[in-house]
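An overview of the molecular structure
Next come the chains, spelled out residue by residue.
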Amino acid sequence: MTTAKTTGKPSSKQKLFDAALRLIGERGAAGVTVDQIAATAGVAKGTVYYNFGSKDGLVEALLRHGVDLLAAQLRRAEAVPDTESSVETLVDGALLFFGEYPEFAQLLVSEMWRTPGQFHGTLSLLRDDIVAIVKRVLQRHADAGRLCGVEVGTASAALFGTLLVVALDWQTFQRQRSREEVRESVMLLVRGMGRGKR
């Protein structure tokens, strides 16, 4: 499986994504300036303003770019014919992405459920995009009789939330665990959803 990062020379967008994530992970979004992000990315401050208009514009673009990368990783699961393997591929893809970008998981957790949040509208749409991918994979799981007693929409939101929090916990407190171990723990939860009332 390829990594979530692009190969070859990174684009300015990718440099800004990596720099902003690193700084936000260290200091929080409020504690980071455009000057710091531009300097860390190795681009001129004017380039940031030209492309994004403001720091808020950069953070919003950062959220969109990160979710695009995550969605591309998760969509691989839709091409896997076996239903159990497709769920495992989905879980592994999410863990791979969040393992590479733990700061992005931190940003999503801190901003997604903030009420009211500055980026709530954008994050609602982005969340819907991700949950829709999860739902398509789990619908196949349900159609195969492996999601008994759990409504697919609820299971999809639950799995996305679980992956986000488990990945953050893994990267923050349990770095000694392999991705395979974490994936198998999540898969035990998924398999447990299939043991409901028939």
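Residues numbered from 1 in each chain as written. Predicted model: local features only at pLDDT ≥ 70, side-chain atom pairs only at ≥ 80, totals over all residues. Heavy atoms only, no water.

Thoughts on empty space enclosed by the protein
Following the criterion strictly, the structure yields 2 cavities of 30 Å³ or more and no others. What the largest cavity holds in volume is close to 60 Å³. Every residue lining the largest cavity is listed: Lys 13, Leu 16, Phe 17, Ala 20, Phe 52, Leu 58, Ala 61, Leu 62 and His 65. Sorting the residues of the lining of the largest cavity by element identifies helix H1 (12-27) and helix H4 (55-75) as the ones contributing at least two each. Class assignment for the residues of the lining of the largest cavity results in 7 nonpolar, 1 polar and 1 charged. Taken as a whole, the second largest cavity spans an internal volume of roughly 40 Å³. (1 Å grid on protein atoms, 1.4 Å probe; cavity = no way out; pocket = protein on both sides within 12 Å on 5 of 7 lines; lining within 4 Å. Points joined across faces, edges and corners; volume = space filled by probe spheres on them. Helix = DSSP H or I, 4+ residues; strand = E, 2+ residues; numbered from the N terminus. Nonpolar A, V, L, I, M, F, W, Y, C, P; charged D, E, K, R; others polar.)

A look at the packing of H4 against helix H5 (residues 83-100)
Closest axis-to-axis distance for the H4/H5 pair is 8 Å, and the angle between their directions is 145 degrees. Where H4 crosses over H5, the two elements pack in a sense that is right-handed. For the pair H4 and H5, the contacting residues are Gly 66, Leu 69, Leu 70, Gln 73 and Leu 74 in the first and Leu 90, Gly 93, Ala 94, Leu 96, Phe 97 and Phe 98 in the second. Partitioning the contact of H4 with H5 into residue classes produces 8 nonpolar, 3 polar and no charged. (Axes fitted to C-alpha atoms, helices over the stretch in contact; angles between N-to-C directions. Left-handed = near helix turned anticlockwise from the far one by under 90°. Contact = heavy atoms within 4.5 Å.)

Some words on the side chain of Thr 89
Its location among the elements puts Thr 89 in helix H5. The contact partners of Thr 89, leaving out residues within four places of it in the chain, are Arg 76, Ala 77 and Val 80.

Some points on the environment of Val 59
You can see Val 59 is positioned in helix H4. A C-alpha to C-alpha distance of 8.9 Å links Val 59 and Phe 17, two positions 42 residues apart in sequence.

Considering the nonpolar core
Leu 63, Phe 98, Phe 104 and Leu 159 are the most contacted members of the largest nonpolar core, which totals 61 residues. Secondary structure elements with two or more residues in this core: H1, helix H2 (34-41), H4, H5, helix H6 (102-112), helix H7 (120-143), helix H8 (152-173) and helix H9 (179-193). If we ignore the near neighbours within four places in the chain, the residues touching Leu 159 are Leu 90, Val 91, Val 134, Leu 138, Val 186 and Val 190. (Core = buried A, V, L, I, M, F, W, Y, C linked by side-chain atoms within 4.5 Å. Buried < 20%, exposed > 50% of the residue type's maximum accessible area, 1.4 Å probe, protein only.)

Section: the pattern of salt bridges
Per the counting criterion, the structure on display carries 9 salt bridges. Between Glu 84 and Arg 191 there is a salt bridge, with the nearest N and O atoms lying 2.7 Å from each other. Pair noted here: Glu 84 is in helix H5 and Arg 191 is in helix H9, with a separation of 107 residues, a long-range link. We classify Arg 191 as partly exposed; its relative accessible area is 25%. (Salt bridge = Lys/Arg side-chain N within 4 Å of Asp/Glu carboxyl O.)

A few points about the side chain of Ser 86
Its location among the elements puts Ser 86 in helix H5. Exposure remark for Ser 86: the relative accessible area of 0% places this residue in the buried category. In this structure the side chain of Ser 86 is engaged in a polar contact, spanning 2.6 Å, whose partner is the backbone oxygen of Thr 83. Setting aside its immediate chain neighbours within four residues, Ser 86 contacts Ala 77, Val 80, Val 137 and Arg 140. (Polar contact = N/O pair within 3.5 Å; in protein donor to acceptor, adjacent residues only side chain to side chain.)

A closer look at the packing of aromatic side chains
Taken as a whole and judged by the stated rule, the model has 3 aromatic pairs. A ring pair is formed by Phe 97 and Phe 98, whose centres lie 5.4 Å apart and whose planes are at 70 degrees; its orientation type is edge-to-face. Taking 5.1 Å as the distance between ring centres and 50 degrees as the angle between the ring planes, the aromatic pair formed by Phe 97 and Tyr 101 counts as tilted. Judged by its relative accessible area of 0%, Phe 97 falls in the buried class. Using a relative accessible area of 2% as the deciding quantity, one classes Tyr 101 as buried. (Phe/Tyr/Trp six-rings, centres within 6.5 Å; stacked < 30°, edge-to-face > 60°.)

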